[in-house]
Amino acid sequence: MTRDFTCIVCPNGCEITVEYEGKNVLSVTGNLCKRGEAYVKQELTDPRRTIASSVAVEGGVLPLASVRLTAPVPKEKIFDVMEEIKKIRLQAPVKAGTVLAADILGLGSDLIVTKTVKAR
Amino acid sequence: MNIRNVDVLIVGGGPAGLAAAAELHRQGVTDILICEREKQPGGILRQCIHDGFGLTRFGESMSGPEYADRFIREVKEAGIPLITNASVTDITKDRLVTVVTPEGLLKVQARAVVLAMGCRERTRGALAIPGERPAGVYTAGVAQAYMNLYNRMPAKEAVILGSGDIGMIMARRLTLEGVKVKAVYEIMPYAAGLPRNVEQCLNDYGIPLYLSHTVTEIHGDHRLTAVTVSAVDEHLKPIPGTEEKIPCDTLILSVGLLPENELSLGAGVTLDPRTRGAEVSEYYETDVPGIFSAGNVLHVHDLVDFVSMEAEKLARSVTRYLADGLPACGIAVTCDRSVNHTVPMRLSGTEDVMLSLRVSRPGRDVTVRVTQGGREVAAKKMKKALPAEMIQLVLKAEKITGTEDLEVTVS
């Protein structure tokens, strides 16, 4: 069997064709770098994505602090992770880089703050 | 009124202005003033909370605020003066700059001015979509600001017109926050944004992308209630009989970005009709001596990494300009209809140059060719070439001779 992918690792967006039998990858073509090969192999067995969102901040100069995952999580867990993110309320000041949830839902990825919000 | 003197005044504290300031400082130019009209520096990156910035410039992937913070910290640590809430309202061709600040009017005489104002979004007005005038029609960047900066949810059921990157990123962002995004409609027969965004923002969430379709009517009294969409023919004209009414309370427009050059025009800078940015030399100098331009105000980029790197190159040119002046740039870069535009538009022919360009339409197995009087100066073979992607190639000085124009073609 063959399957075509658009690689999302970097902006090159390589169009990669994978030839495979079951879980056995026979050939990978069209990728400009090794990361493309790793991406499609992952995509065939266990597609993963990182996500970004925001959490509410009380008493800050901004009402929101942006957050993101440090590593991709299984695609089907994205909305479960969003539910966890929505539960979080922060009190200013908030510092970029702060880990809000280590190993979120046991998925091997941390949720970190990406924007510093000073107290009002 | 007192006139303050500086070596370099930078208009805009977004990615281009910050990168230019940091690099100028590294090059030993320290008498700088950055004027930013918003409350905080960082420009549009402040609301771009998604991941994927920095892969080219820093070799790692981060969010927009984190990317901006790298430059903001460097500018602060270097002690470069940056005033916020400061709107530049006028620049003369002799580089006398008027700035409106909360403390009053400021007049600054600069030896060099860096234009780093970025771009803005095309609006409904620019498209002239017929119909009612209800609330609920936003550009993608405005919807992004509501959600990511002000904690306001702009939609329950959304339709997106235009497949620009910000529109696709907002399709995902809205979906993650529980909004039903019904579809993305694109008038052209191909996506306007990057393929990876079609994949990770639309396909991942089952959001359909309809090519060769556009919104032909807007319905609603106080609030948007529906849009009519139609298929378009090869001349982009709506095909009668294909109309479909889609109920929705929000229409998001992602239909292109325009460099914001009112100040440049006021200074007498000539704009290029294709980029709508300044016509610049390889040193990013406009046709007004001492006024330079880089980033999205010069031409709309696909990636912020390239904005930063272009502004850093500009900074090295400004450093040379202040020290010993710059070589004359008499060699014009021209292109045929296969190329949408190139930057720069003029070269000296004395040193290697990075040429940036965009193709007019998608192509497969194409070659970008730069020639001078029929001789090949540079060529780049590409498996695919998309209008969404900026293409760069290096022109070697030793291949450029005389003052004849260079021609760029894609075939």
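What this report covers is the structure whose coordinates are included nearby. (Residues numbered from 1 in each chain as written. Chains lettered and ligands numbered in written order. Predicted model: local features only at pLDDT ≥ 70, side-chain atom pairs only at ≥ 80, totals over all residues. Heavy atoms only, no water.)

What follows deals with the pattern of salt bridges. According to the stated counting rule, one finds 28 salt bridges over all chains in the structure shown. Residue Lys75(A) is joined to Asp204(B) by a salt bridge in which the shortest nitrogen-to-oxygen separation is 3.0 Å. Pair noted here: Lys75(A) is in the loop between strand 7 (73-74) and helix 2 (78-87) and Asp204(B) is in the loop between helix 6 (195-202) and strand 11 (209-211), and the two residues belong to different chains. Residue classification places Lys75(A) among the partly exposed positions, given a relative accessible area of 26%. Close ionic contact of Arg111(B) with Asp7(B) constitutes a salt bridge, the shortest N to O distance being 3.3 Å. Highlighted residues: Arg111(B) in strand 6 (residues 104-115) and Asp7(B) in strand 1 (residues 3-11), separated in sequence by 104 residues. The partly exposed category is assigned to Arg111(B), whose relative accessible area is 40%. According to the relative accessible area criterion, Asp7(B) is partly exposed, its value standing at 21%. (Salt bridge = Lys/Arg side-chain N within 4 Å of Asp/Glu carboxyl O. Helix = DSSP H or I, 4+ residues; strand = E, 2+ residues; numbered from the N terminus. Buried < 20%, exposed > 50% of the residue type's maximum accessible area, 1.4 Å probe, protein only.)

Residue and element names in this part refer to chain B. Applying the stated rule across the entire model yields seven aromatic pairs over all chains. Taken together, a centroid distance of 5.4 Å and an interplanar angle of 50 degrees make the contact between Tyr67 and Phe71 tilted. Of this pair, Tyr67 and Phe71 are both found in helix 2 (residues 64-77), four residues apart, which corresponds to roughly one turn of the helix. Between Phe292 and Tyr321, the ring centres sit 5.4 Å apart and the planes meet at 75 degrees, which makes this aromatic pair edge-to-face. Of the two residues, Phe292 sits in strand 17 (residues 291-293) while Tyr321 sits in helix 8 (residues 304-324), which places them 29 residues apart along the sequence. What makes Phe292 buried here is its relative accessible area of 0%. By the ring-pair criterion, three or more aromatic residues cluster together here, those being Phe58, Tyr67 and Phe71. Positioned over the ring face of Phe58 is Arg70, at 4.7 Å from the centre of the ring. (Phe/Tyr/Trp six-rings, centres within 6.5 Å; stacked < 30°, edge-to-face > 60°. Lys NZ or Arg CZ within 6 Å of the ring centre and 35° of its normal.)

Consider a sheet: its strands pair through backbone hydrogen bonds, and that pairing is either parallel or antiparallel. Residue and element names in this part refer to chain A. Taken in spatial order, the three strands make up an open sheet running 1-2-3, and their pairing is antiparallel. Only two strands of the sheet have a single neighbouring strand rather than two, namely strand 1 (2-6) and strand 3 (24-29). Averaged over all adjacent pairs, the angle separating strand axes in this sheet is 25 degrees, with direction ignored. The pairing of strand 1 with strand 2 (residues 15-21) spans five bridges and is antiparallel. Bridge pairing in strand 2 places Arg3 opposite Val18. (Pairing = 2+ DSSP bridges. Axes fitted to C-alpha atoms, helices over the stretch in contact; angles between N-to-C directions.)

All right, on to the interface of chain A and chain B then. Contact with chain A, which involves 31 residues of that partner, is made by 32 residues of chain B. Buried surface at the junction of chain A and chain B, summed over both partners, amounts to about 2,600 Å²; 52% is from carbon and sulfur atoms. Here chain A is connected to chain B by eleven residue pairs in polar contact (both at pLDDT 80 or more). Elements supplying a minimum of two residues to the side of chain A that touches chain B: strand 5 (52-58), strand 6 (64-69) and helix 2 of chain A. Here the side of chain A that touches chain B is built from residues that sort into 15 nonpolar, nine polar and seven charged. (Contact = heavy atoms within 4.5 Å. Buried area = accessible area lost by both parts, 1.4 Å probe. Polar contact = N/O pair within 3.5 Å; in protein donor to acceptor, adjacent residues only side chain to side chain. Nonpolar A, V, L, I, M, F, W, Y, C, P; charged D, E, K, R; others polar.)

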